[in-house]
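Take a look at the letters that make up each chain.
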Amino acid sequence: METVVWSKPEDQRADTPLLVMMHGYGTDESRMVRLFEYLPAEFTCAALRAPMDIGDHYGWFLLDYFLANDFADVIKAAAAVQAWINSVKGQHSSVSLLGYSQGMAMASTLLRLHPKDYEAVVGLSGFVLQNELLSLTESFDTRPPFFWGRDKADLVINEDAIAYTEEWLQENTLLTARTYPGMGHAMSKTEMVDVSSFLRHYVLRPEVSASNRR
């Protein structure tokens, strides 16, 4: 990743839980940086900039109105993020993911490809990719904790994508699902309170996490 914004200076990151944050389509890492102050201070947060130019902003892979995508682009982007995570994860106690909108598709794809690498995943106003190849290869020994926050009236993520996302999350993860009326295709302070509680419970209290996953 060429552009990464960190919540802590390098000399304060050792042995902290890492939260890798991925923005949505047609925006940039600044959207994630604004969330730093609302997340648990124990975490080191890293807001990544997606590699693909989308006008004056960025995206992880090309996406149309119906959320159709080129799966080769998805895998290329996921491999780049995973390679970066592999280069830094040794200094951290764990790695978790947070993705907004298209970033949730990235976060859930990384989880599906590398389920043992991630302590917990947060998806905000986004979706899980419906892809047969991913479905054939994914295998979870235990259900990973997953937080899914959204507004039911969000018009950006279509009904078919929401239906598949809900089905996949219910079948494959230890799901915490919350809705926020009036939020739209966005994130809110109220939602961040719930996200912080989720991360404290499943990452900062690993003995509770392990017990709940049995």
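The model shown is predicted, which means the values in this text are computed figures rather than measured ones. (Residues numbered from 1 in each chain as written. Predicted model: local features only at pLDDT ≥ 70, side-chain atom pairs only at ≥ 80, totals over all residues. Heavy atoms only, no water.)

1. Some words on unusual backbone geometry
- Positive phi, normally seen in glycine, also occurs at D15, with a value near 65°.
- Mapped onto the secondary structure, D15 falls in the loop between β1 (4-6) and β2 (17-22). (Helix = DSSP H or I, 4+ residues; strand = E, 2+ residues; numbered from the N terminus.)

2. Some words on the sheet that holds β1
- The strand order across the open sheet built from seven strands is β1-β3-β2-β6-β7-β8-β9, with neighbouring strands paired in mixed fashion. Each having just a single partner strand, β1 and β9 (174-179) make up the two edges of the open sheet. Across the sheet, the mean angle separating the axes of adjacent strands is 15° when strand polarity is ignored.
- Relative to strand β3 (residues 44-48), β1 runs antiparallel, the two sharing three bridges. (Pairing = 2+ DSSP bridges. Axes fitted to C-alpha atoms, helices over the stretch in contact; angles between N-to-C directions.)

3. Quick word on the pairing of strand β8 (residues 145-150)
- By the criterion of burial, β8 is predominantly enclosed, with six of the six residues buried.
- Covered by surrounding structure in β8 are P145, F147 and G149 together with F146, W148 and R150, the residues of both alternating faces.
- Bridge analysis of strand β7 (residues 121-124) against β8 gives four bridges, and the strand direction is parallel. Residue pairing across strands places G123 opposite W148, the latter belonging to β8. (Buried < 20%, exposed > 50% of the residue type's maximum accessible area, 1.4 Å probe, protein only.)

4. With respect to helix α2 (residues 71-88)
- Between its terminal C-alpha atoms α2 stretches 26 Å, which fits the 26 Å expected from 18 residues at 1.5 Å a residue.
- Of the surrounding secondary structure, the elements contacted by the buried residues of α2 are β1, β2, β3, β6 (94-100), α3 (102-113) and α4 (132-137). (Expected span 1.5 Å × (residues − 1). Contact = heavy atoms within 4.5 Å.)

5. A few points about the pattern of salt bridges
- All told, the structure shown has three salt bridges when counted by the stated rule.
- A salt bridge links R49 to E29, with the shortest nitrogen-to-oxygen separation between them at 2.8 Å. A residue pair is termed long-range when its members are at least 10 positions apart, and R49 in the loop between β3 and β4 (52-54) and E29 in the loop between β2 and α1 (30-33) qualify at 20 residues.
- By relative accessible area, R49 is classed as partly exposed at 24%.
- Here D141 makes a salt bridge to K116, at a shortest N to O gap of 3.6 Å. With a gap of 25 residues between them, D141 in the loop between α4 and β8 and K116 in the loop between α3 and β7 connect regions that are remote in the sequence. One exposure class covers both D141 and K116, and it is exposed. (Salt bridge = Lys/Arg side-chain N within 4 Å of Asp/Glu carboxyl O.)

6. Looking at the nonpolar core
- Judged by nonpolar contacts, the single largest core of 42 residues is most densely connected at M22 and L97.
- Mapped onto this core, the elements with two or more residues apiece are β2, β3, α2, β6, α3, β8 and α5 (159-172).
- Here this core takes eight residues from α2, the largest share from any one element.
- Those residues in contact with L97 that sit more than four places away from it in its chain are L19, V20, M22, I85, A107, L110, L111, Y118, A120, V121 and V122.
- Among the nonpolar cores identified, the runner-up in size contains 25 residues, and L19, M21, F147 and Y180 belong to it. (Core = buried A, V, L, I, M, F, W, Y, C linked by side-chain atoms within 4.5 Å.)

7. Examining α5
- Over its 14 residues, α5 runs 20 Å from end to end, which matches the ideal 20 Å to within 8%, given 1.5 Å per residue.
- Along α5, the residues that are buried comprise A161, I162, Y164, T165, W168, L169 and N172. Across the axial projection of α5, the buried residues extend over an arc of 165°, all falling on one side. Away from its buried face by more than 90 degrees, α5 exposes E159 and D160.
- Considering only its buried residues, α5 is in contact with α3, α4, β8 and β9.
- Between a side-chain oxygen at the N-terminus of α5 and the backbone nitrogen of D160 the separation is 3.2 Å; the capping residue is N158. (Arc of directions from axis to C-beta. Polar contact = N/O pair within 3.5 Å; in protein donor to acceptor, adjacent residues only side chain to side chain.)

Shape descriptors only; they carry no functional weight alone.
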